[in-house]
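# Coordinates in review
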Amino acid sequence: MPVIAAYLYRHGRRVRAIAIGERVDCPNDRSEFVWIGLSDPCAKEVEALQALYGLHPLAVEDALKDGQLPKVDVYGDQLFVIGRTAHLCDGHIVYGQTAVFLGHSHIITVRQGSTRSHRPLREQLEASPDLLGQGADYVLHAVLDFIVDGYLPLVTAVEEEVAGMEQRTIDTFLGRTEIARIFTLRRELMRFDRILVPMGEVARKLARHDLPCVDGEARHYFSDVLDHVRRVEAMASGLREVLTSVFEFSNLMEQQRTGAITRQLAAWAAILAVPTAIAGIYGMNFDHMPELHSRFGYPAILAIIGTVCGILFWRFKRFGWL
């Protein structure tokens, strides 16, 4: 069985490890509870806990099915919470799921596809027995806060990549690959937003509603989680706007550079049109044309061509076309 940890806690301190099929009778004063952590379990393993702790069958079904949206469900005197984890892998956002069954004397976490272990979180809580001794709902807060804090490195990495794109847009043209990456990131952030919104709803419901197994004092902690979700939401929304601006700015810069090249080509075409026109006139096969038999005709025409071309070059240079 993929049991990461299963311990009995009393007054904020670990008492002993428990067997997965062991029923522990805890008092109702919230000072004693069981914390069981599972990772990618099969149906039979969760159903064994269902019979032991009275878990609702619909909640068990959702816990085993990956890809659920974050939510909070109330089943009698128990809570069922789903949170979505996210991390970057090869430039794409990969999602996992953490389901939490919360009762007055137990908390069971079921991770599906999540790469972040809860071991550091458990060690951090065990180092603060005063907080851990408040009850299993404070562990629920810590789990949700742990999930949301995992969003920040993701958003920061995307932010650094977007900043690099901004700089390259100023320095040079964005290539086809970089343009495709802009649209990929925008699509990834839009999918990420579909996770952040319900995660915010989960934190808001836990912070503001009277729910079983959640102490009134614990709501302040869930409000902190809500603030973190809002912060990540604002950062992700800002990144989508920046990506749109980068794409639009890249188009404007490309149009500007194309316009500058077009002006240069037009200026050189106008300058070269002078000798072309004069040479074309004197290239016609007529017997009676002026200056054909003049001694200074050829150098005079060259002088005229050079003078006119020089004047045009000076004018175009002055206007910034060359």
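Above this text is the structure in question.
Now for a description of the structure that goes with this document. (Residues numbered from 1 in each chain as written. Predicted model: local features only at pLDDT ≥ 70, side-chain atom pairs only at ≥ 80, totals over all residues. Heavy atoms only, no water.)

The next subject is the overall build of the chain. Counting its secondary structure elements, the chain contains nine helices and seven strands. On C-alpha atoms alone, the chain measures out to a radius of gyration of 36 Å, which is more than a quarter above the 20 Å that the 2.2 N^0.38 rule sets for 322 residues. The dimensions of the chain, computed from C-alpha atoms along their principal axes, are 125 × 35 × 30 Å. Residues classed as buried in the chain amount to 41% of the 322 residues present. Within the chain, contacts between residues separated by at least 24 positions form 65% of all contacts whose residues are at least 6 apart in sequence. Looking at the chain as shown, the accessible area adds up to about 17,100 Å², and 56% of this sits on carbon and sulfur atoms. On the chain, the mean spot of the 34 positive side-chain charges and the mean spot of the 39 negative ones are 6 Å from each other. (Helix = DSSP H or I, 4+ residues; strand = E, 2+ residues; numbered from the N terminus. Rg over C-alpha atoms; globule rule 2.2 N^0.38 Å. Buried < 20%, exposed > 50% of the residue type's maximum accessible area, 1.4 Å probe, protein only. Contact = heavy atoms within 4.5 Å. Areas by Shrake-Rupley, 256 points an atom, 1.4 Å probe, with all protein chains shown as cover. Lys, Arg positive; Asp, Glu negative; His and termini not counted. Charge placed at Lys NZ, Arg CZ, Asp CG, Glu CD.)

Attention shifts here to the pairing of strand β3 (residues 32-39). Along β3, eight of the eight residues are buried, which leaves the element largely enclosed by surrounding structure. Across the two faces of β3 the burial is the same, with Glu-32, Val-34, Ile-36 and Leu-38 and Phe-33, Trp-35, Gly-37 and Ser-39 all buried. With six bridges joining them, β3 and strand β7 (residues 106-112) adopt parallel strand pairing. Looking across to β7, one finds that Gly-37 is bridged to Thr-109. (Pairing = 2+ DSSP bridges.)

Take the nonpolar core next. Grouped together as the largest cluster of nonpolar side chains are 59 residues, with contacts concentrated most on Ile-107, Leu-140, Tyr-151, Phe-192 and Leu-206. Top element by residues in this core is helix α7 (residues 176-208). It accounts for 12 residues. If sequence neighbours within four positions are ignored, Ile-107 has contacts with Phe-33, Val-34, Trp-35, Ile-36, Val-100, Phe-101, Leu-102, Ala-136, Val-139 and Leu-140. Counting 21 residues, the second largest nonpolar core, distinct from the first, contains Cys-26, Ile-36, Tyr-53 and Val-60. (Core = buried A, V, L, I, M, F, W, Y, C linked by side-chain atoms within 4.5 Å.)

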